[in-house]
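Now for the letters of each chain:
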Amino acid sequence: MIPGYGGNILRIDLTSKKASASPVPEQWKREYLGGRGFIARAFWDEIQPGTDPLGPENKLLMAPGPYTGQFLSSSGKLHMGALSPATGGYGDSNMGGHMSLELKQAGIDLLILEGASETPVTVVIENGKVTYRDASSYWNDSTFDTESRLKQELGEEWQIMVIGPAAVNGVVFACIQHDFGRQAGRTGVGTVMASKKVKAVAVKGTHDVKLHDVRRTLAEGEKMMDKVMKQPGFTAWQPYGTPEVVPWASSQGVMPTRNFQTGVIEGFQNLDGPTMKAKVTEIDKGCTSCAIPCGKWGKGVLNGREKPQEGPEYESIALLGSNLGITDIQQVAYLNGVCDELGLDSISAGNVVAWSMECYEKGFLSAEDLGRPMEFGNAEAASAMFHDIAYGRGFGKILGQGVRSAATQVGLGTERFAMHVKGLEISGYEARYAPAMMLSYLTCDIGGNHSRSWAVTFDVATGRENFDGKAERVIWLQHVRPLFDALGCCRFPWVEAGLDPESYVGFIEPITGMSFTWDELLQVSERIWNLTRMISYRHIPGFGRAFDNPPPRWIEEGHETGPTAGKHFTREQVDDLLNRYYKLRGWTEDGIPTTEKLEELGLGFCAPAASCK
Amino acid sequence: MQVTVRLEGHLREFFPKLHEPQTVAFTEPRTVAEIIEAVGMAASLPSSVLCNKQRVERDHMPADGDELVLLSPLAGG
Amino acid sequence: MKLALAADRCSGCRACELVCALDNWSALNPKKAALRVHGHFPTPGRYTVAICDQCGTCAEVCPTNAIQQNEHGAWLINGEDCIGCNICVQECPHGVMYLHDDNGMVPIKCTLCGKCMEFCPTGALYDADGVIPTRR
């Protein structure tokens, strides 16, 4: 058996309350590595076309990877996937903290939650044993209260993941929360968990994770830990974390401001890393084995009320700060804490509330419609609306269905500034005049997210008007970044501290005994990329180029201010970018993998779906 | 007077000349912004600049023999 | 070498637990570490770390004298003399003696190997004697 893994697929049927374990196929380890790779592979078999994302046939999949829990910087990552209630297609999300190693130590490489319980439960997994506790009395509790309760009831050494009121009330962008501040944020994985009436999953694992060569793995780990702490990027970045990029983002005109109306926010200095460190942060808070923790714990403040929270990260600063017209870091931290406690994805929540603020300011929706005046800059109004969303009250109920749905329901032309791709709210980069970043958002497999491909510096460094090399760059990033999600570790030592990504190759053989070159690892990523494309193709009628679509704002309006004022691409230019991308990927003109490409990648089993439509 | 300029992080791949520290010589004091432009990069492109390991603004004027390190924008995730 | 703690620096990463078990037990299993990180969230919002300060209480209470001090000042358990009574586990003032099925009845105890101090990224664990350099 290939070592470096937990060992088993654990299938839990919430309807019958029966659990069964079977060894994870060895072939999967070679072809998909783990994490996102196992998620994608299992997704194809387990979730059939026609499945209702909120029905019992949908499955919530969770998988650590071979690098999870290793003594290399930042190995505490867990990948999750399900058919998304927000987009109707492939949905996934990645969560830090300490849960992934615990699952692995419990002997699990893939957790499948299927069916639905009649009554709310907490699923308790202790090594191989699965039991259920009645969660009715705390079904509506906040995420923090639930995790605290379970730590007290079970023991502080247990790892807990929970959903909050947002998921319970069917918000399509509800997240799964863990370790008081880590989330599987996007695509509504929390909503799927709630649909199965699972309030929490508690895990304790005490087994060794077997390694091919322990001493060599340890030696590689010691070398890497040492190296990452000596990177110049480490010293500059670590005190501040991801907020470090705020001044750069605003000065380059890529910081989403007031519902992506522009990319520059006056007062961005009040949102930057040093300001956050001075006004919010109390301690660093790190995932498993992380030498460079991005996590910052501290208190948000709004009108004298304090709220402890982890963050806010750049994304939350963008979507809950500049995008809402708020430039007070303490208020942003407070709103981040609100989202965390309610179990809302801060990116989607900030995006959809910003849309409602623009609707209010432009007169499409009144204070009566919305429940209150929703001006940009009004943090109290934002907080109140987050609560309305999480509890399904008033207009919050409509917003809780996502910005695409809300704009469709309201109409009146508000769809023009509903900032989503494929029904997933766009994250923190204003990309209308950045061709590689625009392409990244259009082709990201889950919708408007930046995690697969972050190409903003590439656009700025090589020219925003220059289209050459952009598709190549996006494709390369879409293979390298999600590779970490398949390996089960964090990309920040590379992305943020400047470690050479190829230095990760040195671990695969001592951990698993399998040899991969860097290019062979990227081939696994290409396989996974094509598989997730085919998954969405199978589930979404008409899926293809039409879904790789920018919001109208991005091809109709330029920014009012900033370095790219007045500029945007045309529909023809977007099509040009997509044409280049599809050609390089070996996809049809409609953006579907050809049978040849699928066969080449060992995805022949997907080919009938490609050819019969 | 002269200063050395080094580039760290992923911007290095777009500026291969700066893989090795460059020496920039000038006859009168220059701002950090001017020095960055002198090595062929837009002054706003690096996310921050260290002068002798201390963070400085673009209008800082280095002294003879100072070492500048230009840091690449580090992704917000 | 003297293992010391500056708890306000701890980020809860548990690299110490990982490297302790890897080095002392050749096991990827933080449950076999001889120290424990404890999170206290959401309030007060801090980490503490239970560490062994080689106080020798375990040796004092051991009925078979199975615990002896080496030349570096570390108290170590001789597994052959251990009868698994667990009195040391109960009496340890810091609660840092741990049991794990894989080690049978013999408790796991800090050997003062120094790895945790060497790799703690924040300097929360450090050598009060200054022999092992602190990272931050």
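A brief look at the structure comes next. (Residues numbered from 1 in each chain as written. Chains lettered and ligands numbered in written order. Predicted model: local features only at pLDDT ≥ 70, side-chain atom pairs only at ≥ 80, totals over all residues.)

From N to C terminus, chain C includes 4 helices and 6 strands. If you list the helices and strands of chain C from N to C, you get β-α-β-β-α-β-β-α-α-β. In terms of overall size, chain C behaves like a compact globule, its C-alpha atoms giving a radius of gyration of 15 Å where 136 residues would be expected to give roughly 14 Å. With respect to the principal axes defined by its C-alpha atoms, chain C has extents near 40 × 35 × 25 Å. Counting the 136 residues in chain C, one finds 43% classified as buried. (Helix = DSSP H or I, 4+ residues; strand = E, 2+ residues; numbered from the N terminus. Rg over C-alpha atoms; globule rule 2.2 N^0.38 Å. Buried ≥ 20, exposed ≤ 12 C-beta atoms within 10 Å, placed from the backbone.)

All names here are of chain A. Helix length check: helix α13 (residues 346-361), at 16 residues, gives a terminal C-alpha distance of 22 Å against a target of 22 Å (1.5 Å per residue), a fit within 8%. Counting buried positions along α13 yields 15 of 16 residues, so the element is predominantly enclosed. Positive backbone phi, at 85°, marks G363, one or two positions downstream of α13. (Expected span 1.5 Å × (residues − 1).)

This next bit is on helix α2 (residues 36-46) of chain A. Within α2(A), 9 of the 11 residues are buried, which leaves it mostly tucked inside the rest of the structure. Buried within α2(A) we find A:R36, A:G37, A:F38, A:I39, A:A40, A:R41, A:A42, A:F43 and A:E46.

Further remarks concern unusual backbone geometry. Excluding glycine, residues mostly carry a negative phi; peptide bonds, for their part, are mostly trans. Of note, the bond from C:F41 into C:P42 is cis; its omega dihedral lies within 30 degrees of zero at -5°. Cis rather than trans, the peptide bond between C:T43 and C:P44 has omega equal to 0°. Summarising the element assignment, C:P44 is placed in the loop between β2 (36-40) and β3 (46-50). Unusually for a residue other than glycine, A:T187 sits at a positive phi of about 70°. Positive phi, normally seen in glycine, also occurs at A:K197, with a value near 60°. For A:K197, a count of 18 C-beta atoms within 10 Å translates into the label partly exposed.

Time to look at the interface of chain A and chain B. Listed per partner, the contact involves 25 residues of chain A and 18 residues of chain B. Among the elements of the structure, α8 (232-237), α9 (246-251), α11 (314-320) and α19 (456-462) of chain A are those that each provide at least two residues to the side of chain A that touches chain B. Across the side of chain A that touches chain B, the residue classes break down as 11 nonpolar, 10 polar and 4 charged. (Contact = placed C-beta atoms within 7 Å. Nonpolar A, V, L, I, M, F, W, Y, C, P; charged D, E, K, R; others polar.)

So, on to the sheet that holds strand β4 (residues 78-83) of chain A. Residues and elements named next belong to chain A. Pairing within the open sheet is mixed, and its 6 strands lie in the order β2-β1-β6-β3-β4-β5. A strand with exactly one partner marks an edge of an open sheet, and here the two such strands are β2 (18-23) and β5 (90-95). Pairs of neighbouring strands in the sheet enclose a mean axial angle of 15°, with direction left out of account. Examined bridge by bridge, strand β1 (residues 8-13) and β2 share 6 bridges and lie antiparallel to one another. Its bridge partner being in β2, N8 is matched across the sheet by P23. (Pairing = 2+ DSSP bridges. Axes fitted to C-alpha atoms, helices over the stretch in contact; angles between N-to-C directions.)

Let's shift gears to the nonpolar core. As a rule of thumb, soluble globular proteins bury nonpolar side chains together. Judged by nonpolar contacts, the single largest core of 252 residues is most densely connected at A:L61, A:L344, A:V353, A:W355, A:F386, A:M438 and C:L35. In this structure, C:L35 is in contact with C:C16, C:E17, C:C20, C:V49, C:A50, C:I51, C:C52, C:V96, C:C110 and C:C116, ignoring residues within four places of it in sequence. (Core = buried A, V, L, I, M, F, W, Y, C linked by C-beta atoms within 7 Å.)

Here we take up the sheet that holds strand β14 (residues 295-302) of chain A. All names here are of chain A. One open sheet accounts for 3 strands, arranged β13-β14-β15; its pairing is antiparallel. Bordering the open sheet on either side are β13 (281-285) and β15 (305-310), each of which pairs with just one other strand. Taken over all neighbouring pairs, the strand axes of this sheet differ in orientation by 25° on average, direction set aside. Note: β14 against β15, 6 bridges, orientation antiparallel. Residue pairing across strands places G298 opposite Q309, the latter belonging to β15.

On to the environment of A:V353. All names here are of chain A. Within the secondary structure, V353 sits in helix α13. A tally of 28 C-beta atoms within 10 Å means that V353 is categorised as buried. The sequence separation of V353 and G402 amounts to 49 residues, and the corresponding C-alpha distance is 9.8 Å.

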